[in-house]
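Letter by letter, the chains look like this.
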Amino acid sequence: MSSTNGTLLSVRNLSMFYPMRAGFLQGHRGEVRAVDDVSFDIQAGETLGLVGESGCGKTTTGRCILRVVAPTAGELWYHPREGESVDLARLDTGGLLPWRQEIRMIFQDPFASLNPRLPVLEIVGECLKVNRGLRGSALEERVAELLGMVGLRPEYMRRYPHAFSGGERQRIGIARALALNPRLVVADEAVSALDVSVRSQTLNLLQDLQNEMQLTYLFISHDLSVIRYVCNRVAVMYVGKLVELADTRSLFLTPQHPYTEALLSSVPKPDPRVRSQRIVLEGDVPDPSQPPSGCHFHPRCRYAVDRCAEETPPLRETADGHHVACHLADEIELVGIHG
Amino acid sequence: MTARAMESDRQEAINVATQWQLMWWRFRKHRLAMTSLVIVILIYLVALLAEFLAPFTPDEFQADYTYAPPQRLHLFLETENGLRFQPWVYGYKVEIEEEALRRVFVPDEEVIHEIGFFVSGVPVTLLGFLETDRHLVGPKDPEAPMFLFGADKLGRDMLTRMIYGTRISMSIGLVGVALSLILGILLGGLSGFLGGQVDNIIQRVIEFIRSVPTIPLWMGLAAALPTDWPPLRIYFGITVILSFIGWTELARVIRGRFLALRTEDFVIAAHLDGVGQMRIILHHMVPSFLSHIIAALTLAIPNMILAETSLSFLGLGLRPPIVSWGVLLQEAQNIRTVATAPWLFSTGGAVFIAILALNFVGDGLRDAADPYAR
Amino acid sequence: MPVERQLSAEDLLLEVRDLHVHFPLDEGTVKAVAGVDFDVYRNRTLCVVGESGCGKSVSAQSILQLVDRPGRIVQGQIRFHRHDADGSVTVTDLAALRSSSRALRAIRGRHIGMVFQEPNTSLSPIHTVGNQISEVIRLHLGEDEEAARRRGIEMLERVGIARPAQNYDAYTFELSGGMRQRVMIAMALVCSPALLIADEPTTALDVTTQAQIMSLLQELQADFGMGVMLITHDLGVVAEMADDVVVMYLGQVAEYGDVDRIFHAPAHPYTKALLRSIPNLDFDQDIRLDSIRGMVPDPFHRPAGCPFGPRCDEVIEGRCEAENPPAFSLGEGGSVRCLHYEEVALS
Ligand SMILES: Nc1ncnc2c1ncn2[C@@H]1O[C@H](COP(=O)(O)OP(=O)(O)OP(=O)(O)O)[C@@H](O)[C@H]1O
Ligand SMILES: Nc1ncnc2c1ncn2[C@@H]1O[C@H](COP(=O)(O)OP(=O)(O)O)[C@@H](O)[C@H]1O
Ligand code: SF4
Ligand code: SF4
Ligand SMILES: [Mg+2]
Ligand SMILES: [Mg+2]
């Protein structure tokens, strides 16, 4: 595959099934279909949001892209600045080394993601040591510069993570992700663990850095209001499948998938005068090891017809850049956030 | 310096404190553990300097004094110019008990034996290279009887034997634990890091070993040691046997940590940073559980000591002429002793204190082992 | 600071006055709650909102004296008004009771129900749902096994648990997070308490499940007419659910008032800043998010003067560092702890 204009990463038919083992003999007992045949592109310079309820496969998608896990099937075409595109899914640890410098990750939990036994200098500097061979004062200078970029005082580099609050730790994590001048940053629930006031600071910081460094983000979150604020395009997942993909504005104003509609209506609006008409979905998210037949959403969908239980709707383009996986997308009228 | 500046210095010290500093600060707050730590250090010092601390050597005997009871130690001697610091004991005289018709020792209030410091006695080699005939305490007259903890059936000083016993008993704990540690790290680490079939097999072996009752297992293994082995080899045999069981616990702890750490975010982050496998293990994973291992080790030592003591007590472990706490207790093992020479059990007190102290230190370490717990 | 609200005193359920809760620790004393006042009325929802660590949970726990050791109520009153069937009202100061006293145990679960922040830690994994519900019923209502079971299943059905009879005999780990939270609510409401305290009942849940639980709470309130004290850090939830709002900062009530005023005419600089810093779903104004500078100070280093001073944009030089403002009345029962409202209160 050659480099498409402006596309940074093409995810094609990505699947990740975790085997379920149980019992004394540790035999296979089915599999968890965490990500099931997902395809999308990430354009250079954009922020692509990935939303969905917990367990729908957002983190797994991110981890496949970074090759923390080896996907069960599918291709991950990365288009470098120069040269041939590479399929990350086929590379081994050695082959991934150069690309892991260009694709980096910000973790959700600001406590678990920093080794408490190492000072900030080591945490942020380790990738510089390993990949760039920086040592001594050159390393300290670069780490100081990075800390400055994320709004921390450079003197703090001798401190250990326990000296920092959640928001500051998250900044350290961001500094680590940016140390190697990456192109793509996968931010997995990067602000979910933060308080309101610190969250807005961190979101602003992420946006400033994106402008300064021409970054591309894959922004994973379950919080639609955050997604709406930072993303250019949004992909909605439900039980391992992509159900809708569109630019943020049309997704929020004219959703075409019934699940997206329900999701949007469940977000509490911060204004007591517009107490919303919530669409309350019945039941729970299905178990990804035993997804419902046909359209995974049909047991909870208020528009479902007989066909939905039998045929899995493919993701198709219904309007310019608006992709939906619903049989009735052209027939039903759904309401967005202004409805 | 103002209070505010001092406060901020203190805060900065905490901010840049390493794991070990944080652990030490936390451990220090644990009173019982700190006291026990001092006791444990003292016990190991006794083991190290046994030749110098003991008044005699373990095999020195005075046949006239078999089963002599402990003497009372007096600290001040009355002289014509008043009271002066000079420890002393009464001598012994023998009386015949009317009913039982047997010899008993009673203090002879006519005879006073002065006790001195740094007295000369039997020449010994200290720490393997220092030749000396000085002992920390001892009777000023080398011929005089001094049995502060009583004498055994051959007229040997119990205090001396207990001090020498410390060496074997406390070191068997250390050596045994070191062996278990090597086995535990190797097998537990492999099990946790490789996972899969290797893990499966090692876990089943561990379960098997742990499901066999320990005392019969020790007995069987100990009985298998050839009786004609020299004492030193028996000592090593016993240590190997003890660690053969001891490693399983450690291996489990280590495996558990490895498994948990493999999926920790910070380990994944290091992996994505391009850090090599070996460096991840040594730099990120091992330091994260080292403190837990140290705590587990400290808690394993008393088990080893108890195991040695019980084996020797049952006559299956070390045998005379080796002097260990278990051997000493084994010698005290008959009804007559219980009735007539209860002081032979004083070793039990030493075992008790050592075990308790080690356990408290272990508990303190375990509590301090994770200074980052939220 | 007594609150004169245009609400009938007969509906008053709970008055909290000048509550202080301290945790004496080795590193110093944490003043988790440092002077909190609020009221809860029948048939109304009071939302307590604030950032992590500001003392929301501790305030709620101290009402039933469930604060973890070494925490202790050091000052203040918690007056609970018990409305009996014959129309008489008994007022008890819960803060004066001992935590293990019979009187308090009789109130917990019977007159005041509580739903905790972590459903996993407050449900026992080794007992079935039924065991746990029927225990509450038998303890407080003295019903026998048979009647308790009937009532329990009815309650499970009421909170929207599918197949209530089967799930009555299920273990809690067999249920999903949303179902567990429903079980917690069923347990809290099974004795029809007058007051329900819910500490972040939806924080661990997805938005769709959160919507289910919020609808459920609203329905149940309409049916039972209970007063609800709902703790949350999500201003969206506040806007959807609240009648009255308490905004907390560093263990104090920064602002108190009815929900419409809090959102449309906020008084305290902290409330204003909070409202500006939440991302909105609206596309009308596409501006950069405002954020509050700095961070919540750690509990051992409370700033002198106004607790919000170091982060405040409207600080009055020379005064805010020196005085911790008392609560000034804003009329209609609202109040605010900010020196800018001194004159308003006087006039
Ligand atoms: N058991 C405890 N021991 C010591 N300090 C405590 C304890 N429980 C709470 N605190 C302290 O009391 C303060 C208030 O805590 P509280 O749990 O009420 O916060 P919160 O507002 O409920 O926060 P969150 O949104 O995180 O639930 C915090 O500073 C906290 O550190
Ligand atoms: N290592 C794993 N082993 C087995 N199942 C997993 C693993 N990681 C995730 N899963 C399962 O895969 C599904 C998707 O998980 P995840 O990608 O973490 O969801 P999200 O990030 O959207 O909450 C869930 O059902 C989860 O339980
Ligand atoms: S395909 Fe059918 S069930 Fe699925 S979302 Fe569309 S209408 Fe609903
Ligand atoms: S009292 Fe002063 S510092 Fe405090 S909120 Fe009001 S203006 Fe800001
Ligand atoms: Mg996730
Ligand atoms: Mg709380």
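Bear in mind that the values here come from a model prediction, so they are computed numbers and not experimental data. (Residues numbered from 1 in each chain as written. Chains lettered and ligands numbered in written order. Predicted model: local features only at pLDDT ≥ 70, side-chain atom pairs only at ≥ 80, totals over all residues.)

Attention now moves to the pairing of strand 6 (residues 112-115) of chain C. For a regular strand, side chains alternate in direction, first toward one face of the sheet and then toward the other. All names here are of chain C. Residues Ile112 and Met114 of strand 6 are buried on one face, and the alternating residues Gly113 and Val115, pointing to the opposite face, are buried as well. As paired strands, strand 6 and strand 7 (residues 195-199) are joined by four bridges and run parallel to one another. If you follow glycine 113 over to strand 7, its bridge partner there is leucine 196. (Buried ≥ 20, exposed ≤ 12 C-beta atoms within 10 Å, placed from the backbone. Helix = DSSP H or I, 4+ residues; strand = E, 2+ residues; numbered from the N terminus. Pairing = 2+ DSSP bridges.)

We now examine the sheet that holds strand 11 (residues 328-331) of chain C. All names here are of chain C. Spatial strand order, 6-7-8-3-9-10-12-11: eight strands in an open sheet with mixed pairing. Two strands lie at the open edges of the sheet, namely strand 6 and strand 11, each paired on one side alone. For this sheet, the mean angle separating the axes of adjacent strands, direction not counted, is 20°. (Axes fitted to C-alpha atoms, helices over the stretch in contact; angles between N-to-C directions.)

Let's shift gears to the environment of aspartate 367 of chain B. Residue and element names in this part refer to chain B. Along the chain, the position of aspartate 367 falls in helix 13 (residues 346-368). Judged by the 17 C-beta atoms lying within 10 Å of it, aspartate 367 is partly exposed. Separated by 188 residues in sequence, aspartate 367 and leucine 179 place their C-alpha atoms 25 Å apart.

To continue, consider the interface of chain A and chain B. Listed as interface residues are 24 residues of chain A and, on the opposing side, 20 residues of chain B. Looking at the side of chain A that touches chain B, the elements that each hand over two or more residues are helix 2 (93-102) and helix 3 (120-132) of chain A. Classifying every residue of the side of chain A that touches chain B by side-chain character gives 13 nonpolar, five polar and six charged. (Contact = placed C-beta atoms within 7 Å. Nonpolar A, V, L, I, M, F, W, Y, C, P; charged D, E, K, R; others polar.)

Here we come to the interface of chain A and chain C. On the side of chain C, 34 residues touch chain A, which itself brings 36 residues to the contact. Taken together, the elements giving at least two residues each to the side of chain A that touches chain C come down to helix 6 (196-213), helix 7 (224-230), helix 8 (248-253) and helix 9 (258-266) of chain A. In terms of residue count, helix 6 of chain A provides more of the side of chain A that touches chain C than any other element does, seven residues in total. Looking at the side of chain A that touches chain C residue by residue, the class counts come to 16 nonpolar, 10 polar and 10 charged.

Another point: unusual backbone geometry. Residues and elements named next belong to chain C. Cis geometry is found at the peptide bond from arginine 69 to proline 70, where omega equals 0°. Among the secondary structure elements, proline 70 is positioned in the loop between helix 1 (56-63) and strand 4 (72-83). One non-glycine residue, aspartate 18, adopts positive backbone phi at about 50°. For aspartate 18, a count of 13 C-beta atoms within 10 Å translates into the label partly exposed. We note that serine 192 has phi near 45°; this positive angle belongs to a residue other than glycine. With respect to the helices, strands and loops of the structure, serine 192 is situated in the loop between helix 7 (177-189) and strand 7. Under the C-beta neighbour-count criterion, serine 192 is labelled partly exposed, with 14 such atoms within 10 Å.

All names here are of chain B. Here we have four strands laid out as an open sheet, ordered 1-2-3-4, and antiparallel in their pairing. Single-partner strands in this sheet number two, and they are strand 1 (74-79) and strand 4 (130-139). Geometrically, the sheet is characterised by an average inter-axis angle of 55° between neighbouring strands, direction not taken into account. When strand 3 (residues 103-126) meets strand 4, the two strands line up antiparallel, connected through eight bridges. Paired with leucine 126 across the strands is leucine 130, a residue of strand 4.

Time to look at the confidence of the model for chain C. Residue and element names in this part refer to chain C. Per-residue pLDDT for chain C averages 87, and the proportion of residues at 70 or more is 95%. Confidence, read as mean pLDDT per element, is least for helix 3 (residues 119-122) in chain C (68) and greatest for strand 3 (residues 45-49) (96). Low pLDDT, under 50, characterises residues 1-5; the predicted model gives this stretch eight contacts beyond four residues in sequence or across chains. (pLDDT = per-residue confidence, 0-100.)

Turning our eyes to something else, we now look at the packing of helix 4 (residues 129-141) of chain C against helix 7 of chain C. Residue and element names in this part refer to chain C. The geometry of helix 4 relative to helix 7 is characterised by a closest axis approach of 9 Å and an angle of 20° between their N-to-C directions. Looking at the two axes, helix 4 sits roughly parallel to helix 7. The two elements helix 4 and helix 7 cross, and the hand of that crossing is right-handed. Each of Val129, Gln132, Ile133 and Val136 in helix 4 lies in contact with helix 7, whose residues at this interface are Val183, Ala186 and Met187. (Parallel < 35°, antiparallel > 145°, perpendicular 65-115°, else oblique. Left-handed = near helix turned anticlockwise from the far one by under 90°.)

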